[in-house]
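# Analysis of the macromolecular model
Each chain is listed here by its residues.
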Amino acid sequence: MSKGIRSVQPEAAGLEIVWETGERASYPWLWLRDHATDPQSYDSRSGQRELYTAGLDPAIHGLAARLGAGGRTVEIDWPDGPQSVAYDAGFLWRFRSPAPATGQDDRRRPWDQAKIAEAPIELAYAEVAADDAGLRRLLETVEAWGFAVLTQTPAELASVAALAGKIGYVRETIFGGLWEFEANEARADSAYTPKTLRPHTDATYSHDAPGLQILLCLAYQAEGGDSLLVDGLEIGRRLAAAQPDEYATLGRIAIPGRYLGDGAHLAAERPVFRLGRDGRILQVSFNNYDRAPFRLPEPEMTALYRAIAAFDRLANDPALCWCRGLRPGDLLIFDNWRVLHGRTAFTGSRRMAGCYVNREDYESRLRILRDGA
Ligand SMILES: [Fe+2]
């Protein structure tokens, strides 16, 4: 909740505000001018800045400042044009102290096997498909836990398309958009074999790894083939506490990923833990299958191998693993920027459908559902 403002005082460096709580805040003049919302500086329909910021005098100083609307706005007169620009108290309250751009509330809940066993990660497909409230419950579940399971999903490709369409749109890749497959040795990628797949994230070879993956079981006449998930945030949390050097190495050294096959040669690189300016983990990328050949000078190479081993031991620790055999109608949706996925070996026939959705589109849908357009 924003607060009311008791008083404003122009100073040399910026505007001093005393809130009705007694709290004080100072705003640099250049920052205030850059955030003016008068029609010459700002397009209120699009929320886009019209101002040519580079053309401002870096030493700009407000001519006068006063309270408006009973302490709900501050009006500032500027020397370069706009007179009496109103700044909403809620806006000023939000920025009363500087914070990194990523410093929002963290709603993510790291989990291990014991914790996830108690977590409400299961929803019925019909509930999610019914309305925005159901979709919001799904996306907030994915936000909190990194994944969700939808049950009683119509076992057809159209269900995947419908869900992806509610969140954003189907991400096209070299594998296509919507896909449906059985175990098939013809494809180059390890994902298409019946062998064990150790926990990994997809597309470490992509500069923009898919944000969500949707997997729907269409048919199952097999032994094994259980889906495994491991929370990359929990791995990070444990490493940071118990093996800080390894954690730092994985946040620092960019590891190249590569995909060779199907007429493509994709390559990208980033650290296992991509961190925000506030130190928070923004993205986990780990795929030992797709790591490209590369060599670092010593002692970096040895340190990296040690860190990879520490990470992968946790990724393969049963105490961190969520495991479930998907059966026809079970749909798994997970955050590929956070949760590692894998699969136990199987014999027989297992037919799956799925697709990717971009990270930004998933985030956008969740913001719209939560806060409105
Ligand atoms: Fe995968």
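Residues numbered from 1 in each chain as written. Predicted model: local features only at pLDDT ≥ 70, side-chain atom pairs only at ≥ 80, totals over all residues. Heavy atoms only, no water.

### What about the overall build of the protein chain?
Secondary structure summary: the protein chain contains 10 helices and 22 strands in total. The dimensions of the protein chain, computed from C-alpha atoms along their principal axes, are 75 × 55 × 45 Å. Looking at the 373 residues of the protein chain, the share that counts as buried comes to 47%. Sequence-distant contacts in the protein chain: of pairs separated by 6 or more residues, those separated by 24 or more amount to 72%. Summed over all atoms, the accessible surface of the protein chain reaches about 18,000 Å², with 50% contributed by carbon and sulfur. Looking at the protein chain, you have 43 positive and 51 negative side-chain charges, and the mean spots of the two groups are 2 Å apart. (Helix = DSSP H or I, 4+ residues; strand = E, 2+ residues; numbered from the N terminus. Buried < 20%, exposed > 50% of the residue type's maximum accessible area, 1.4 Å probe, protein only. Contact = heavy atoms within 4.5 Å. Areas by Shrake-Rupley, 256 points an atom, 1.4 Å probe, with all protein chains shown as cover. Lys, Arg positive; Asp, Glu negative; His and termini not counted. Charge placed at Lys NZ, Arg CZ, Asp CG, Glu CD.)

### Things to note about the pairing of strand β7 (residues 73–77)
In terms of residue burial, β7 counts as a mostly covered element, since 4 of its 5 residues are buried. As paired elements, strand β6 (residues 64–68) and β7 share 5 bridges and run antiparallel to each other. When the bridges of β7 are listed, Leu67 appears paired with Val74. In the sheet, β7 pairs with strand β8 (residues 85–88) via 4 bridges, with the strands oriented antiparallel. Considered in β8, the bridge of Ile76 is made with Val85. (Pairing = 2+ DSSP bridges.)

### With respect to the coordination of the iron ion
Here the iron ion is held by the protein donor atoms His200 (NE2), Asp202 (OD) and His341 (NE2), which lie 2.1 to 2.2 Å from it. When the donors of the iron ion are listed by position in the chain, the intervening gaps give H-x1-D-x138-H. Of this pair, His200 sits in strand β12 (residues 197–200) while His341 is found in strand β21 (residues 339–343), placing the two residues 141 residues apart along the sequence. The exposure classification of His200 matches that of His341, with both residues buried. (Donors = N, O, S within 2.8 Å, 3.2 Å for Na, K, Ca; no water.)

### Comments concerning the nonpolar core
Note on soluble globular proteins: their nonpolar side chains tend to be buried together. Ranked by size, the top nonpolar core spans 26 residues in total, and within it Ile235, Leu239, Leu250, Phe273, Leu304, Phe311 and Leu340 carry the most contacts. Among the elements of the structure, β14 (227–231), α7 (232–242), α8 (244–252), β18 (281–284) and α9 (300–315) are those that each provide at least two residues to this core. Those residues in contact with Leu304 that lie beyond four places of it in its chain are Thr249, Leu250, Ile253, Ile255, Phe294 and Leu296. One finds Leu138, Leu218, Ala353 and Leu369 within the second-largest nonpolar core, a separate group that totals 25 residues. (Core = buried A, V, L, I, M, F, W, Y, C linked by side-chain atoms within 4.5 Å.)

### Some remarks on the sheet that holds β7
Taking strand neighbours across the sheet as the criterion, the 3 strands line up as β6-β7-β8 in an open arrangement whose pairing is antiparallel. Every interior strand has two partners, whereas the edge strands, β6 and β8, have only one. If you compare each strand with its neighbour and ignore which way they point, the axes differ by 25 degrees on average. (Axes fitted to C-alpha atoms, helices over the stretch in contact; angles between N-to-C directions.)

### Details of the sheet that holds strand β1 (residues 5–10)
The strands making up a sheet are joined through hydrogen bonds of the backbone, oriented either antiparallel or parallel. Strand order across the open sheet formed by 3 strands is β1-β2-β3, with antiparallel pairing between neighbours. The sheet is open, and its two borders are formed by β1 and β3 (24–28), each paired with just one other strand. Here the average twist between neighbouring strands, direction ignored, is 20 degrees. Pairing geometry for β1 and strand β2 (residues 14–19), over 5 bridges, is antiparallel. Looking at β2, one finds that Ser7 is bridged to Val18.

### Structural notes on the packing of aromatic side chains
Each aromatic ring pair is described using two quantities: the centre-to-centre distance and the angle formed by the ring planes. Scanning the entire structure with this criterion turns up 14 aromatic pairs. Judged by centre distance (5.0 Å) and plane angle (40 degrees), the ring pair of Trp179 and Phe181 falls under tilted. Feature note: the residues Tyr27, Trp31, Phe91 and Phe95 constitute an aromatic cluster, connected by ring pairs. One Lys or Arg, Arg96, reaches over the ring of Trp93 and ends 3.8 Å from the middle of that ring. The positively charged end of Arg350 is found above the aromatic ring belonging to Phe346, 5.5 Å away from the centroid. (Phe/Tyr/Trp six-rings, centres within 6.5 Å; stacked < 30°, edge-to-face > 60°. Lys NZ or Arg CZ within 6 Å of the ring centre and 35° of its normal.)

### A few points about the state of the cysteines
In the structure shown here, the tally under the stated rule is 0 disulfides. No disulfide involves Cys217; its nearest neighbouring cysteine sulfur is the one of Cys323, lying 14 Å away. Judged by relative accessible area, which is 0%, Cys217 ranks as buried. (Disulfide = S-S within 2.5 Å.)

### Side note on the packing of α7 against α8
For the pair α7 and α8, interaxial distance at closest approach is 5 Å and the crossing angle is 130 degrees. As judged from the angle between their axes, α7 and α8 are oblique. Across from Gly236, Leu239, Ala240, Ala241 and Ala242 in α7, the residues of α8 making contact are Pro244, Tyr247 and Leu250. (Parallel < 35°, antiparallel > 145°, perpendicular 65-115°, else oblique.)

### Some details on the side chain of Asp202
For Asp202, the location among the structural elements is in the loop between β12 and β13 (212–224). For Asp202, which is buried and forms no salt bridge, the nearest opposite charge comes from Arg270, at a distance of 10 Å. In terms of polar contacts, Asp202 uses its side chain to reach the side chain of His200, at 3.2 Å. In this structure Asp202 touches Ala209, Pro210, Gln213, Asn336, His341 and Tyr356, once residues within four positions along its chain are discounted. (Salt bridge = Lys/Arg side-chain N within 4 Å of Asp/Glu carboxyl O. Polar contact = N/O pair within 3.5 Å; in protein donor to acceptor, adjacent residues only side chain to side chain.)

### Concerning the pattern of salt bridges
This model, assessed by the stated rule, comprises 26 salt bridges. Of the charged contacts in the structure, one is a salt bridge between Arg108 and Asp106, with a shortest N-O distance of 2.9 Å. A relative accessible area of 22% means that Arg108 is categorised as partly exposed. Exposure remark for Asp106: the relative accessible area of 40% places this residue in the partly exposed category. For the salt bridge of Asp231 with Arg338, the shortest nitrogen-to-oxygen distance reads 2.9 Å. A residue pair is termed long-range when its members are at least 10 positions apart, and Asp231 in strand β14 and Arg338 in the loop between β20 (331–335) and β21 qualify at 107 residues.

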